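# Residue-level structural notes
What follows is the residue order along each chain.
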Amino acid sequence: MVTARAFVTGIGGQDGSYLAERLLADGTEVHALVLRDESAATYTPPEVVTHVGDLGDVEATRRLVLDLAPDEVYNLAAISSVAQSWDEPDLTAHVNGLAAVALMESARQVGDHVRFVQASSAEIFGEPDASPQSERTPVRPLNPYGAAKAFAHLSVAVQRSRGLHASSLVLYNHESPRRPERFVTRKITSGVAAIARGRADILTLGNLDARRDWGWAPDYVDAMLRAARTDEADDFVVATGVGHTVRDFVEAAFRHAGISDWEPLVATDPAFVRPADATDLTGDPTHARDRLGWEPTVDFDGIVAAMVAADLALLDESA
Ligand code: GDP
């Protein structure tokens, strides 16, 4: 039997770790591009073959891809913070935009059979006029991160029209116990766990009214695999279709930690309120369901419960 080979960028992140596990479980050989300091990322399975390099080094990455000749290419690497993108708009444009296009072109040069999956983002819609958003929602980013992701997203369609089996997955927020604490969900669950165990007194947050469509990260990785392996490539919104506010998340997290009277335990600080922040990002996953047979398997309450349980367990292990 010939083993399929996948090439993954951004393996050190939450999604990269879940994707690598899924691909390996499927018998796929996984090669990954890693920045030097990322090569020992906590959740990278040891079976992954790592290659040190920077996606932004377009020529070196092209040589590597042509040399490895993978069957599937997953582009998960990106400057992942909107805040950093304001500080470094040109680096963001280079890595999230141009380098993604270069990787598509490298994949195309490997051969007709190659499947390319781009991890796009709801940020390409900026502050949309209507909710939920779909594949037909106008692309109108409002920050350098979204603009660069939008360029890559539009380029996937261009490369597809040129014959590359390329799909762009417009991923809405997706969470897990592997989410870093700079994201609000993990900040909340680790903070709530600390309060529940008497290690902290208060949780300080920004805008509690922001509404997001939070999904379960392993489900989103499942959508990536399905997109790579379906007959016809396309663009797919990957979301649950259900939005919740940050306040809802806080309430659910305290509830799962056994605390009902949570309001005195939460403070807000303008330092955490963003100057420009989409108020309602909720996606319509109908197309992914119809064409990929994809469905979320863990709902909002299940996600909060799993994350709170994991953070409580971490504290209890370290105690
Ligand atoms: P994002 O949607 O990719 O920016 O993911 P985040 O998890 O960082 O933020 C989700 C929402 O939570 C945004 O609307 C933030 O403004 C809001 N939010 C409220 N308080 C906080 C906080 O203390 N930290 C973060 N990261 N986000 C917060």
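Worth saying up front: this structure is predicted, and the values here are computed from it rather than measured. (Residues numbered from 1 in each chain as written. Predicted model: local features only at pLDDT ≥ 70, side-chain atom pairs only at ≥ 80, totals over all residues. Heavy atoms only, no water.)

## Considering the sheet that holds strand β12 (residues 244–245)
This is how it is decided: Pairing between two strands requires that DSSP report at least two bridges joining them. In this text, helices come from DSSP runs of H or I with a minimum length of four residues, and strands from runs of E with a minimum of two, each type numbered from the N-terminal end.
Spatially, the three strands line up as an open sheet ordered β12-β9-β14, and their pairing is mixed. The open sheet terminates on both sides in strands that have one partner only, identified here as β12 and β14 (280–281). Bridge analysis of strand β9 (residues 211–212) against β12 gives two bridges, and the strand direction is antiparallel. The residue of β12 that forms the bridge with R211 is T245.

## So, empty space enclosed by the protein
Put simply, the rule reads: Cavities and pockets were defined on a 1 Å grid built from protein atoms only: a cavity is a group of points that admits a 1.4 Å probe but offers it no way out, a pocket is an open group of points flanked by protein on both sides within 12 Å along at least five of seven lines, and a lining residue is one with an atom within 4 Å of any such point. Grid points are joined across faces, edges and corners, and a volume is the space filled by probe spheres set on the points.
Taken as a whole and assessed by the stated rule, the structure comprises one cavity of 30 Å³ or more. One number sums up the size of the largest cavity: a volume of about 30 Å³. Around the largest cavity sit L55, V58, T61, R62, A99, A102, L103 and S106, which together line it. Ranked by residue count, the leading element in the lining of the largest cavity is helix α4 (residues 89–110), at four residues.

## Let's talk about the domain arrangement of the protein
Quick reminder of the rule: In this entry, domain limits derive from an automatic or database-based domain assignment. Note on definitions: a residue-residue contact is assigned when non-hydrogen atoms from the two residues lie within 4.5 Å. For any pair of parts, buried area is found by adding up, for both, the accessible area (1.4 Å probe) each one loses once the two are put together. Should a side-chain nitrogen of Lys or Arg be within 4 Å of a carboxyl oxygen of Asp or Glu, the pair is scored as a salt bridge. Residues adjacent in sequence count toward polar contacts only when both atoms are side-chain atoms; beyond that, a polar contact is any pair of N or O atoms within 3.5 Å, and within protein one must be able to donate a hydrogen and the other to accept it. Basically, the charged four are Asp, Glu, Lys and Arg, the nonpolar ten are Ala, Val, Leu, Ile, Met, Phe, Trp, Tyr, Cys and Pro, and anything else, Gly included, counts as polar.
You can read the domains of the protein as domain 1 (5–174 + 217–238) and domain 2 (177–212 + 242–282 + 298–318). Taking only C-alpha atoms, the centre of domain 1 and the centre of domain 2 are 28 Å apart. Every contact between the two is made by 17 residues of domain 1 and, on the other side, 12 residues of domain 2. A buried area of about 1,400 Å², summed over both sides, lies between domain 1 and domain 2, and 44% of it is on carbon and sulfur atoms. Among the residues domain 1 hides against domain 2, the three largest losses belong to Q14, E127 and N173. Together they make up 29% of the total. Taken together, the links from domain 1 to domain 2 amount to one salt bridge. Where R178 meets E21, a salt bridge forms, and the shortest distance between an N and an O atom there is 3.0 Å. Across the domain 1-domain 2 interface, the total number found is seven residue pairs in polar contact (both at pLDDT 80 or more). Across the side of domain 1 that touches domain 2, the residue classes tally to six nonpolar, eight polar and three charged.

## Here's the deal with the nonpolar core
Threshold: Take the buried Ala, Val, Leu, Ile, Met, Phe, Trp, Tyr and Cys residues and link them wherever side-chain atoms come within 4.5 Å; each set so joined is a nonpolar core. Burial classes follow relative accessibility: with a 1.4 Å probe on protein chains only, a residue under 20% of its type's maximum area counts as buried, one over 50% as exposed, and anything between as partly exposed.
With 30 residues, the main nonpolar core has L19, Y74, L169 and M224 as its most contacted residues. Listed by contribution, the elements that provide at least two residues to this core are β1 (5–9), α1 (14–25), β2 (29–34), β5 (115–121), β6 (165–171), α7 (217–229), β11 (235–238) and α9 (286–292). Among the elements that line this core, the one with the most residues is α7, at eight residues. Ignoring any residue separated from it by four or fewer positions in sequence, one finds L169 in contact with V117, Q118, A119, S120, S121, A223, M224, A227, F236 and V238. The next biggest cluster of nonpolar side chains, apart from the first, holds 28 residues, and it includes A193, L203, W216 and V308.

## Overview of the sheet that holds β5
Selection criterion: Where helices are involved, their axes are fitted lines through C-alpha atoms of the stretch in contact, as for all axes, and angles between N-to-C directions lie from 0 to 180°.
In space, the seven strands of this open sheet follow the order β3-β2-β1-β4-β5-β6-β11, with parallel pairing throughout. Strand pairing shows two members of the sheet lacking a second neighbour, β3 (49–52) and β11, which therefore form its edges. Each adjacent strand pair in this sheet contributes to an overall mean axis angle of 20°, direction not counted. Taken together, the four bridges between β2 and β3 define a ladder with parallel strand orientation. Bridge pairing links V34 to V52 in β3. Against the sheet, α4 touches β1, β4 (72–75) and β5, its axis set at about 165° to β5. Against the sheet, α7 engages β4, β5, β6 and β11, with an angle of about 160° to β6.

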